[in-house]
Amino acid sequence: MSRAKVVHVCSECGTTHAKWAGRCAGCGDWNTLVEDVEVDNTSAPVAASTRPGPTRIGDVGTEHGHPVATSIPELDRVLGGGLVAGSVTLLGGEPGIGKSTLLLQLLAAWNGPTLYVTAEESAQQVKRRAERLGAARDDLWLHAETSMPHILDAIERIRPELVVIDSIQTVSDPALGSLPGSVGQVRGCAQRFVNEAKERDVTIVLVGHVTKEGGLAGPRVLEHVVDTVLQFEGDRHHALRLLRASKHRFGPTNELGLFEMANGGLVGVPDPSSLFLADRRTGIPGSAVVPTMEGQRPIVVEVQALTNPSVPGVPPRRSALGLDGGRLSMLMAVLGRRSRVMVGDQDVYASTAGGVKLNEPGLDLGVCLAVVSAVRDQPMPADLAVFGEVGLGGELRQVGQAARRLTEAARLGFRRVIVPTNSPDCDAGIDVIRAATLSEAIAVAGLGSGALRATG
Ligand code: TYD
Ligand code: MG
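Residues numbered from 1 in each chain as written. Chains lettered and ligands numbered in written order. Predicted model: local features only at pLDDT ≥ 70, side-chain atom pairs only at ≥ 80, totals over all residues. Heavy atoms only, no water.

Asker: Please give an account of the packing of aromatic side chains that cites residues and values.
Answerer: Scanning all chains against the criterion turns up one aromatic pair. Here Phe-232 and Phe-259 contribute two aromatic rings whose centre-to-centre distance is 6.0 Å and whose plane-to-plane angle is 85°, an arrangement assigned as edge-to-face. Residue Phe-232 is found in strand S11 (residues 228-234), and its partner Phe-259 is found in strand S13 (residues 256-262); the two are separated by 27 residues along the sequence. Comparing Phe-232 with Phe-259 shows no difference in burial state: the two are buried. Positioned above the aromatic ring of Phe-387 is the side chain of Arg-405, whose terminal nitrogen or guanidinium carbon lies 5.3 Å from the ring centre. (Phe/Tyr/Trp six-rings, centres within 6.5 Å; stacked < 30°, edge-to-face > 60°. Helix = DSSP H or I, 4+ residues; strand = E, 2+ residues; numbered from the N terminus. Buried < 20%, exposed > 50% of the residue type's maximum accessible area, 1.4 Å probe, protein only. Lys NZ or Arg CZ within 6 Å of the ring centre and 35° of its normal.)

Right, dumping it as structure tokens:
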């Protein structure tokens, strides 16, 4: 016989506590404990394992794990080629960001039987949307269901190659004693789907809702269970959507997928540099262009800065949009101490144009020069791009993949690039200007305190 016991589970890391507490003893987060019911199965007999015993490494087959391309190139880029049969992927993102749309498009283009389990919308609603997306095809099965046994039945009957569960938070399994919607339920159901995927070699994608606060049954509880975690991000009021992997058992996690939400669904952005530079105005102060790297893809972005005298007696503001705030504060300190550009009495606002979130050391030099350009009210030359990491000593440090950055800048029509002195040589058809320090870069960019106004 199994007994049910009330416990408190952290919705972030899944640590179980016997008593409620304000702070999780596992991950240290505050206010993340939620009530759950734990079923004590310790008296149940141990089931015989269905898994094979230990194997010599040389005898292990490696035929599994080949990604299958999905015909959505931006998704394949993030997945390192496509979806792996028998794997479970969690797609997280705030409501309304486009998770259901992306997955319907995925199902639409799949060659073979697929099943879309929808708990949030009726089959009629999904069909209407599928028709709008051109996704209605014979081998796409819809099932408006929330109960685990019924979903497993459907998988047994239809034998799909690909299953989408929209969303994992709405599925419940009566066999798992805990309350529907609780952490225990969500994790238990996800575990059940993982077993199903492995046993049947079916590819499963779970949708996970994420609220700003992490919400009930936060995504971290599920991260440990699944093979791949994808995050779908963006501003609901803008069309741009970013797809990244935060965990990926079958490949690297540093690739960025870019989409635009259009009337006919999500459209991949194959040339992000052109998109991000489309609204750029040349000849205005406070702007620098940086060839950045997102995984294997170079993306040229504009960094903008604005400075304004701060209120006396109040610490100056450092506001970063699309950039790391702590990094911005550090760079402002380096500017003051190493290059004598005083911003201690200035509020500094810095952002990446287009709102794309980037966290790459190559941006440092661009952020610094955009601020110097703003504070001195001098624009940088329109045909000049820059990249490099800025160290605490004011030195410029090389960053990876210089050749690809230079080639991308040349492709977009830039004629000169300031790079750290130690960057490797390469012939990308663009003038390479080497600078050892931030001060040198300021001078060669025409932003020195004694410099004439640069002509835009
Ligand atoms: P949806 O996929 O339902 O988001 P999620 O599943 O993450 O909650 O998409 C929500 C938004 O996308 C909705 O506000 C309408 C918009 N949208 C389009 O702009 N074009 C389209 O073709 C579709 C299907 C949706
Ligand atoms: Mg949805």
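Asker: If you had to explain the confidence of the model for the protein to someone new, which residues and values would you point to?
Answerer: Within the protein, residue pLDDT values average 88, and 91% of them lie at 70 or more. Here residues 451-456 is a poorly scored stretch, pLDDT under 50, and it has eleven contacts once near neighbours within four places are set aside; other chains count. (pLDDT = per-residue confidence, 0-100. Contact = heavy atoms within 4.5 Å.)

Asker: Hey, could you go over the sheet that holds strand S23 (residues 431-435) for me, with residue numbers and the actual values?
Answerer: Spatially, three strands are ordered S19-S22-S23 in an open sheet, and the strand pairing comes out parallel. One side of each edge strand has no neighbouring strand; the edge strands of this open sheet are strand S19 (384-386) and S23. Looking at each pair of strands side by side, their axes are set apart by 25° on average, direction ignored. Where strand S22 (residues 416-420) and S23 come together, five bridges link them in parallel fashion. Residue pairing across strands places Ile-418 opposite Ile-433, the latter belonging to S23. (Pairing = 2+ DSSP bridges. Axes fitted to C-alpha atoms, helices over the stretch in contact; angles between N-to-C directions.)

Asker: Describe the nonpolar core, with residues and values.
Answerer: Grouped together as the largest cluster of nonpolar side chains are 59 residues, with contacts concentrated most on Leu-335 and Leu-365. For this core, the leading source of residues is helix H9 (residues 364-375), giving eight residues. Shared between two domains, this core takes at least three residues from each, and those domains are domain 2 (68-269) and domain 3 (275-444). With residues near it in sequence (within four places) discarded, Leu-365 still touches Val-386, Phe-387, Gly-388, Val-390, Leu-396, Ile-418, Leu-438 and Ala-441. Core analysis: the next-biggest nonpolar cluster, separate from the first, contains 29 residues, Leu-102, Leu-106, Leu-107 and Val-205 among them. (Core = buried A, V, L, I, M, F, W, Y, C linked by side-chain atoms within 4.5 Å. Domains from an automatic or database assignment.)

Asker: For the domain arrangement of the protein, give the residues involved together with the corresponding values.
Answerer: Split by domain assignment, the protein resolves into domain 1 (3-40), domain 2 (68-269) and domain 3 (275-444). For domain 2 versus domain 3, the distance between C-alpha centres works out to 38 Å. Taken together, the contact pairs 13 residues of domain 2 with ten residues of domain 3. Between domain 2 and domain 3, a total of about 920 Å² is buried, with carbon and sulfur atoms accounting for 52% of that surface. A per-residue breakdown of the area domain 2 buries against domain 3 is headed by Leu-240, Glu-255 and Leu-256, which together make up 38% of the total. (Buried area = accessible area lost by both parts, 1.4 Å probe.)

Asker: Residue-level account of unusual backbone geometry, with values.
Answerer: In this model, Asp-166 is joined to Ser-167 through a cis peptide bond whose omega is 5°. Within the element layout of this structure, Ser-167 appears in the loop between strand S9 (162-166) and helix H5 (183-200). Phi angles above zero are rare outside glycine, and Ser-71 is one such case at about 70°. Along the chain, the position of Ser-71 falls in the loop between strand S4 (67-68) and helix H1 (73-79). Here the phi dihedral of Asp-377 falls at roughly 55°; this positive angle occurs in a residue that is not glycine. Residue placement: Asp-377 occurs in the loop between H9 and S19. Its relative accessible area of 45% is what places Asp-377 among the partly exposed residues.

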